[in-house]
Amino acid sequence: MNYRHSFHAGNHGDVLKHVVLLEMLDALRAKPSPFHLLDSHAGRGLYDLAGDEAQRGGEYRLGVGALLADPAAATALPLYWAALRDLNPDLSTGGGGLRHYPGSPWLLRRALREADRLSLVELHPEEYAALKRNLGRDTRISIHRRDAWEALGALLPPNPRRGLVLIDPAFEQRDEFNRAGDALLHGLQRWSTGQYVLWYPIKQRASTDAFIRDIAKRNNAPMLRAELLLRKADSDTRLNGSGLLIVNPPWKLAERLAGPLDFIAAKLAREAGGGLRLDWPNPEKD
């Protein structure tokens, strides 16, 4: 209940998550049939990088700020650039004019067509109130103040039966990895054809790899892993990177992500041991 994403908005984890999410949304929109999107840990949906919390955290400077400092970002990351430009009309090549940063709910809403639907879940009372203010007037969106893990069972399968689930917890509790993995697998039992995106922090690679291996053993659906390491992942005392586990990824997603993620890694992962990892944890099940 104490976590506020405002301190972390636009950091390297957001950059990775949102670049991948935009590619997946673009693939969903390529087909005319409607879809349903679900965000289990929505937050407030929109962040002011000039606000007190973002300035005190300052993480966006080494995330989206560092990325957009390169004028090539506009062409290397066209979907991401277009989304940021929609929210920041004065955004210029080189990152000037960046004031507001979209949370995942804002990006999900941006992808909706008339028949598409979006469900947002947020438990924190102040974050929920802000989410309602920012996105609550859209009739295509339902906003729930409830526990994310309970909601993932109650709201699946959705209607329409095509779409995506984003699971993005704060990982502040010791059992959060277990709860996230169990929720993902339970969701697949209820909605086996849905696409799932699970974000996770990386401190020590060995423990993260064990987490992914456990899910791979218990899951028969294809899984794509995308990880951005800022530095060598060998310490429990700091965040060394983040990753996404994508279950039932859209066709050719790995190929679509290779170029954008290489660009991100080159700009953000500059310490020894940093870099990109894009692979299939259970290739025999693809």
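Refer to the structure presented above.
Fair warning: this is a prediction, and the values are worked out from it, not measured in the lab.

### Focus on the pairing of strand E8 (residues 223–229)
Point 1. With respect to burial, E8 is a largely interior element, seven of its seven residues being buried.
Point 2. Of the two faces of E8, the one carrying Met-223, Arg-225, Glu-227 and Leu-229 and the one carrying Leu-224, Ala-226 and Leu-228 are both buried.
Point 3. In terms of strand pairing, E8 meets strand E9 (residues 241–247) through seven bridges, oriented antiparallel. Across the sheet, residue Leu-229 finds its bridge partner in E9, namely Gly-241.
Point 4. Sheet topology note: the E8/strand E10 (residues 275–279) ladder contains five bridges and is antiparallel. When the bridges of E10 are listed, Glu-227 appears paired with Arg-277.

### Considering the pairing of strand E5 (residues 141–144)
Point 1. Pairing of strand E4 (residues 117–121) with E5, which is carried by four bridges, proceeds in the parallel orientation. When the bridges of E5 are listed, Val-121 appears paired with His-144.
Point 2. The β-α-β motif built from E4, the intervening helix H7 (residues 125–135) and the parallel element E5 has right-handed crossover chirality.

### Thoughts on unusual backbone geometry
Point 1. Look at the link from Leu-156 to Pro-157: it is a cis peptide, with omega at -5°.
Point 2. Here Pro-157 lies in the loop between helix H8 (148–154) and strand E6 (163–167).
Point 3. Each neighbour pair has its own omega, and for Asn-159 with Pro-160 the value is 0°, a cis peptide bond.
Point 4. Along the chain, Pro-160 turns up in the loop between H8 and E6.
Point 5. A positive phi is found at Asn-248, a non-glycine position, where the angle reads about 60°.
Point 6. With respect to the secondary-structure elements, Asn-248 resides in the loop between E9 and helix H11 (253–268).
Point 7. Phi is positive for Lys-252, close to 65°, though the residue is something other than glycine.
Point 8. You can see Lys-252 is positioned in the loop between E9 and H11.
Point 9. You can call Lys-252 partly exposed: its relative accessible area is 40%.

Here is what the cut-offs are and how they apply
- Residues numbered from 1 in each chain as written.
- Predicted model: local features only at pLDDT ≥ 70, side-chain atom pairs only at ≥ 80, totals over all residues.
- Heavy atoms only, no water.
- Buried < 20%, exposed > 50% of the residue type's maximum accessible area, 1.4 Å probe, protein only.
- Helix = DSSP H or I, 4+ residues; strand = E, 2+ residues; numbered from the N terminus.
- Pairing = 2+ DSSP bridges.
- Right-handed = clockwise from strand over helix to strand, strands pointing away.

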